[in-house]
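# Results of the structural survey
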Amino acid sequence: MEVELTEVDSADENRKIVLETLPVMIGHGPDAGIRVDDHWASHHHCEINVVKGTLVVRDLGSMLGTFVNGLNVNSALLMPGDKLTVGVTSFLVDYERLIRSRRSARSRSQTAAPEPDRAAIAEPEAAPSDPLFSRLLRRLFAFLPRRRRV
C-alpha cells in the first residue's frame, strides 16, 4: 500500500511524504519515522497503521491531541482526502484502500466496496467508572428542573 501525506497550512506547504512501511510514528522527536519541525507536536505524537486495508491513526498520549478533519481523536480511521493535524502541522492523506472480500474476483469488480464504519475499527472510548464521578453527575442532575406530566 502506497500512502502519501501532503503537508498543508505551513511554510513547507505541499511537502510530500511517501510512507513505505507501516506502522509509522509521527512526532517532534529524533526517533520519529515522520519528524515534524513543530514545537507544538509531542516527541511521540501519534502512530499510523493499516487495519483491514484502511489507515488508522492512534494518538500516543500527546499533550495537545491528534485531529482528523478538525476532530480531536484517540484513534480514528484515515480515509483518502482526510486532514490529519499534529500540533500545528496538517497533512492531507492520500492512498488507495485495499478491500479484502470473500467474493470472487469477478463479483468484486462488479460491485463497489462499502465504506467501513469509522467506529467499527477505531478504539471505543471508555466510560468513566469512578464512583466519585457518578456521584457528581447525580448531584448535577438533581438541580435540573424536572418535567411535569400532565
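Residues numbered from 1 in each chain as written. Predicted model: local features only at pLDDT ≥ 70, side-chain atom pairs only at ≥ 80, totals over all residues. Heavy atoms only, no water.

### Re the pattern of salt bridges
The condition is simple: Whenever a carboxyl oxygen of Asp or Glu lies within 4 Å of a side-chain nitrogen of Lys or Arg, that contact is scored as a salt bridge. Strands are runs of DSSP state E lasting at least 2 residues, helices are runs of H or I lasting at least 4, and numbering of each runs from the N terminus. Three exposure classes are used, based on accessible area relative to the maximum for each residue type with a 1.4 Å probe and protein chains only: buried under 20%, partly exposed in between, and exposed over 50%.
Counted by the stated rule, this structure contains three salt bridges. Measuring nitrogen to oxygen at the nearest pair gives 3.8 Å for the salt bridge that ties E4 to K16. In this pair, E4 is assigned in strand β1 (residues 3–8) and K16 in strand β2 (residues 16–19), connecting sequence segments twelve residues apart. When its relative accessible area of 52% is taken as the criterion, K16 is described as exposed. Put simply, R15 and E7 hold a salt bridge, and the shortest N to O gap is 2.7 Å. Taking relative accessible area as the criterion, E7 reaches 5% and is therefore assigned buried.

### Digging into the sheet that holds β2
What counts is decided by this rule: Strand pairing is defined by DSSP finding a minimum of two bridges between the two strands. A fitted line through C-alpha atoms represents every axis, and for helices the fit uses only the stretch in contact; the resulting angles, taken between N-to-C directions, go from 0 to 180 degrees.
Strand order in this open sheet of six strands is β2-β1-β11-β10-β7-β8, and the pairing throughout is antiparallel. The open sheet terminates on both sides in strands that have one partner only, identified here as β2 and β8 (71–73). In this sheet, adjacent strand axes meet at a mean angle of 30° when their direction is disregarded. By the bridge criterion, three bridges tie strand β7 (residues 66–68) to strand β10 (residues 83–86) in an arrangement that is antiparallel. The residue bridging F67 from the neighbouring strand is T85, located in β10.

### Focus on the sheet that holds strand β6 (residues 54–59)
One open sheet accounts for five strands, arranged β4-β3-β5-β6-β9; its pairing is mixed. The sheet is open, and its two edges are formed by β4 (34–35) and β9 (75–78), each paired on a single side. For strand β5 (residues 46–51) and β6, the ladder comprises six bridges, and the chain directions are antiparallel. By the bridge assignment, C46 is partnered in β6 with D59.

### Comments concerning unusual backbone geometry
A cis amide bond links L22 to the next residue, P23, at an omega of 5°. You can see P23 is positioned in the loop between β2 and β3 (24–27). The phi torsion at K52 lies on the positive side, around 50°, for a residue other than glycine. Assignment of secondary structure puts K52 in the loop between β5 and β6. Here K52 falls in the exposed class, since its relative accessible area comes to 68%.

Coordinates in, geometry out; function isn't part of it.
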